[in-house]
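This is what each chain is made of:
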Amino acid sequence: MSEELNQLNAGEIQRIREQFPILETRIGKNQLIYFDNAATSQKPDAVIKSIDSYYRSLNANIHRGAHYLADKGTAAFESAREKVRDFIGAKESCEVIFTSGTTAGINMIAAGLAQSWLRKGDEILLTEMEHHANIVPWQMACERSGAEIRVIPITDDGELDLEAAEKLITEKTRVLSLMHVSNAMGTINRVQGLIQKAKAFGALTVLDCAQSVAHFRLNVQELGPDFAVFSGHKLLGPTGTGILWGRKEVLENLPPFLGGGEMIKEVRFEKTTYNELPFRLEAGTPHIAGGIGLGAAIEWLTQQDQSLLENQEKVLLQRATDIIQSQPGLRIIGTSAQKVSVVSFVSDKAHPSDIGTLLDQQGIAVRTGHHCCQPLMRRFQVPGTVRISLAFYNTLEELDSFERSLARVMGMLG
Ligand SMILES: Cc1ncc(COP(=O)(O)O)c(C=O)c1O
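About the criteria used
- Residues numbered from 1 in each chain as written.
- Predicted model: local features only at pLDDT ≥ 70, side-chain atom pairs only at ≥ 80, totals over all residues.
- Heavy atoms only, no water.
- Domains from an automatic or database assignment.
- Contact = heavy atoms within 4.5 Å.
- Buried area = accessible area lost by both parts, 1.4 Å probe.
- Salt bridge = Lys/Arg side-chain N within 4 Å of Asp/Glu carboxyl O.
- Polar contact = N/O pair within 3.5 Å; in protein donor to acceptor, adjacent residues only side chain to side chain.
- Buried < 20%, exposed > 50% of the residue type's maximum accessible area, 1.4 Å probe, protein only.
- Helix = DSSP H or I, 4+ residues; strand = E, 2+ residues; numbered from the N terminus.
- Pairing = 2+ DSSP bridges.
- Right-handed = clockwise from strand over helix to strand, strands pointing away.

## Things to note about the domain arrangement of the protein
Here is step 1 of the chain: When the domains of the protein are assigned, the result is domain 1 (3-40 + 306-413) and domain 2 (48-302).
Here is step 2 of the chain: Every contact between the two is made by 36 residues of domain 1 and, on the other side, 30 residues of domain 2.
Here is step 3 of the chain: Together, the buried faces of domain 1 and domain 2 total about 2700 Å²; carbon and sulfur atoms form 55% of this surface.
Here is step 4 of the chain: Three residues, Val340, Leu376 and Arg379, lead the burial of domain 1 against domain 2; their summed loss comes to 21% of the area buried on that side.
Here is step 5 of the chain: Remark: the boundary between domain 1 and domain 2 carries 2 salt bridges.
Here is step 6 of the chain: Asp156 is the salt-bridge partner of Arg379, the closest N and O atoms lying 2.7 Å from each other.
Here is step 7 of the chain: If you look at where domain 1 meets domain 2, you find 22 residue pairs in polar contact (both at pLDDT 80 or more).

## Focus: the pairing of strand β5 (residues 123-127)
Here is step 1 of the chain: The element β5 is extensively covered by neighbouring structure, given that 5 of its 5 residues are classed as buried.
Here is step 2 of the chain: Relative to strand β6 (residues 148-152), β5 runs parallel, the two being bridged by 5 bridges. Bridge pairing in β6 places Thr127 opposite Ile152.
Here is step 3 of the chain: Regarding topology, helix α5 (residues 136-145) serves as the crossover connection from β5 to the parallel β6, and that connection is right-handed.
Here is step 4 of the chain: The pairing of β5 with strand β7 (residues 173-179) spans 3 bridges and is parallel. Each bridged residue has a counterpart across the sheet, and for Ile124 the counterpart in β7 is Val175.

## With respect to the environment of Phe77
Here is step 1 of the chain: Tracing the backbone through its elements, the reader meets Phe77 in helix α3 (residues 68-88).
Here is step 2 of the chain: Of the residues examined, Phe77 reaches a relative accessible area of 0% and is grouped as buried.
Here is step 3 of the chain: As for Phe77 and Gly295, which are separated by 218 residues in sequence, their C-alpha atoms are 8.2 Å apart.
Here is step 4 of the chain: Sequence-distant contacts of Phe77, defined by excluding residues within four places in its chain, comprise Ile62, His63, Phe98, Pro286, His287, Ile288, Gly291 and Ile292.

This is the structure we're talking about:
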């Protein structure tokens with residue numbers, strides 16, 4: 001990219017940064033450098049204000065109240081659902097279920113399928129790079145149903161071994177559940193072919209979009225799974241929010257995970273009949289302010305120049321990769337050519353947590369540890385990694401500071 005264009009973009013990014021108040025934080029004499037975006041993203045003013053304004057002027061319980069505030073609150077919440085539908089390219093808004101996050105979404109699917117779909121001897125296919133949120137719920141489903149887990153291995157670059165995957169998908173496969181993008185390595189998985197093949201064998205397919213949704217636009221119909229899940233807090237939205245999307249015919253047959261108010265049509269002690277989608281899968285009072293905040297996050301994001309954001313992340317990824325590669329004794333875990341702006345590394349002389357602690361003392365927030373991917377860490381025979389995960393509001397200047405701090409830290413630990 002030309003120097004001139006780079007400067008133009010830096011100006012745009014600066015204007016975006018100004019909308020994220022937390023980025024102003026100072027830690028002692030250092031300006032905060034937030035490189036932990038895969039754990040949770042920061043929130044723009046538009047999101048913070050929407051939550052504030054909900055509690056100031058709209059707060060009421062929704063869907064069942066027959067008064068002014070209840071109607072207004074319901075309209076705002078349902079408008080957020082519609083924004084999500086449009087954002088992920090879902091056919092109908094009744095396919096969009098509000099949850100508390102990715103973990104809740106996968107648990108709802110796994111518990112429902114354990115009851116209605118999985119039988120003894122069936123196979124659930126996962127991958128070696130999954131987050132614990134896409135492993136443990138399936139182990140629980142296996143305990144209940146007698147199904148068994150199979151695992152797609154990964155290559156030394158941190159990509160799915162597609163040849164092995166092809167062989168693992170058989171008529172025994174009843175569920176394929178995999179991540180779109182790896183939180184620990186940044187790998188963008190080529191999921192479409194696998195999803196198609198699993199569906200051809202009659203399996204149900206689940207895509208964990210927790211990490212992909214914040215980096216590029218996705219369309220659930222083009223990707224083709226039966227279910228997709230993500231968390232609002234990684235997408236500039238509030239914590240405690242998430243989305244479970246499913247194809248209508250599949251969701252209609254998913255047994256509810258929670259029973260209670262809102263999800264019923266008629267309750268008798270002998271038998272209860274359930275409500276229509278989406279309410280059937282949304283028992284109890286939802287996180288109303290959170291849902292509205294997530295809608296505001298999506299609205300804010302869709303108003304930005306997506307190519308500017310994606311380009312900024314691409315430039316940052318390249319620069320971050322160069323920094324780690326040029327520091328002696330560091331090794332990147334996850335070297336796929338198809339990655340989002342996440343760089344995980346290990347040192348041959350220092351423990352990841354020591355590196356993270358010393359960086360933190362200089363105001364730089366990174367993540368260290370197993371990133372909820374213990375099987376992946378075992379695959380690479382490392383106790384954990386240091387992970388920097390960059391968002392479009394990060395800058396090359398922040399990476400320059402990081403480079404200097406990292407050199408100092410490695411000098412101290414060497
Ligand atoms: C790929 C992936 N899946 C699932 C999760 C769990 O998300 P949450 O804790 O928001 O439910 C995460 C969180 O880091 C993740 O990165």
